[in-house]
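# Structural overview for review
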Amino acid sequence: MKLYVGNLPYTADDSTLRGLFEAFGEVHSARVVSDRDSGQSKGFGFVEMPKNSEADAAIKALNDRMVSGRKLKVNQAQPQRDRPPPRKPRY
């Protein structure tokens, strides 16, 4: 199950995110999304856990939990929506 983790501290990295979820079971991947230009965290990420029961336990335990002064939002990730192609600038 793929989980969305929002309101992460901007100091969090992939290993920090993985560490939060490993207490609840096997973590296939953990990725903090960062700005492609600056490299700074955008404050959210995604975790993949193979067992739904472990993922559900992680959601229940970590949603609304305070981490470094920020209240996490953890839920099942929604499929990414299609975005229209970028418009060409008019000159």
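Data block above holds the structure.
The rules we used
The numbers attached to residues start from 1 for each chain and follow its sequence in the written order. Restriction of local features to residues with pLDDT of at least 70 applies here, the model being predicted, together with a cutoff of 80 or more for giving and counting side-chain atom pairs; totals for whole chains, interfaces and linings are based on all residues. Working from all heavy atoms in the structure, the side-chain values ignore hydrogens and water. Centres within 6.5 Å make a pair out of two Phe, Tyr or Trp rings, where for Trp the six-membered ring is used; the pair is then stacked when the planes are under 30 degrees apart, edge-to-face when over 60, and tilted otherwise. Under the scheme used here, helices are H or I runs from DSSP no shorter than 4 residues and strands are E runs no shorter than 2 residues, and both carry numbers assigned from the N terminus. Relative accessibility under 20% of the residue-type maximum defines a buried residue, over 50% an exposed one, and the middle range a partly exposed one, all with a 1.4 Å probe and only protein chains included. Note on pairing: two strands pair once DSSP finds at least 2 bridges between them. Only the contacting stretch of a helix is used when fitting its axis, a line to C-alpha atoms as for every element, and angles between N-to-C directions run 0 to 180 degrees. Residue contacts are counted whenever heavy atoms from the two residues lie within 4.5 Å of one another.

All right, on to the packing of aromatic side chains then. As enumerated under the stated definition, the model contains three aromatic pairs in all. Consider the rings of Tyr 4 and Phe 44, whose centres lie 6.0 Å apart with planes at 35 degrees: the pair is tilted. Note that Tyr 4 is positioned in strand S1 (residues 2–6) and Phe 44 in strand S3 (residues 41–48), a separation of 40 residues in sequence. Judged by relative accessible area, which is 25%, Phe 44 ranks as partly exposed. A ring pair is formed by Phe 44 and Phe 46, whose centres lie 6.0 Å apart and whose planes are at 90 degrees; its orientation type is edge-to-face. Grouping aromatic residues by their ring pairs yields a cluster made of Tyr 4, Phe 44 and Phe 46.

Bringing the pairing of S1 into the picture now. The pairing of S1 with S3 spans five bridges and is antiparallel. Looking across to S3, one finds that Lys 2 is bridged to Glu 48. In the sheet, S1 pairs with strand S6 (residues 73–76) via four bridges, with the strands oriented antiparallel. Bridge assignment links Gly 6 to a residue of S6, and that residue is Lys 73.

What follows deals with the sheet that holds S3. Note: strands within a sheet are paired through backbone hydrogen bonds, in either parallel or antiparallel orientation. Read from one edge to the other, the open sheet built from four strands follows the order S2-S3-S1-S6, with strand pairing classed as antiparallel. Edge positions in the open sheet fall to strand S2 (29–34) and S6, since each of these has one partner strand only. With direction set aside, neighbouring strand axes in the sheet form an average angle of 20 degrees. The pairing of S2 with S3 spans five bridges and is antiparallel. Residue pairing for S3: Val 32 is matched across the bridge by Gly 45. Running over the sheet, helix H1 (residues 14–22) touches S1, S2, S3 and S6 and is turned about 135 degrees from S2. On top of the sheet, helix H2 (residues 52–62) reaches S1 and S6; it is set at about 155 degrees to S6, its chief contact.

Interpretation note: all reported values are geometric properties and have no functional meaning in isolation.
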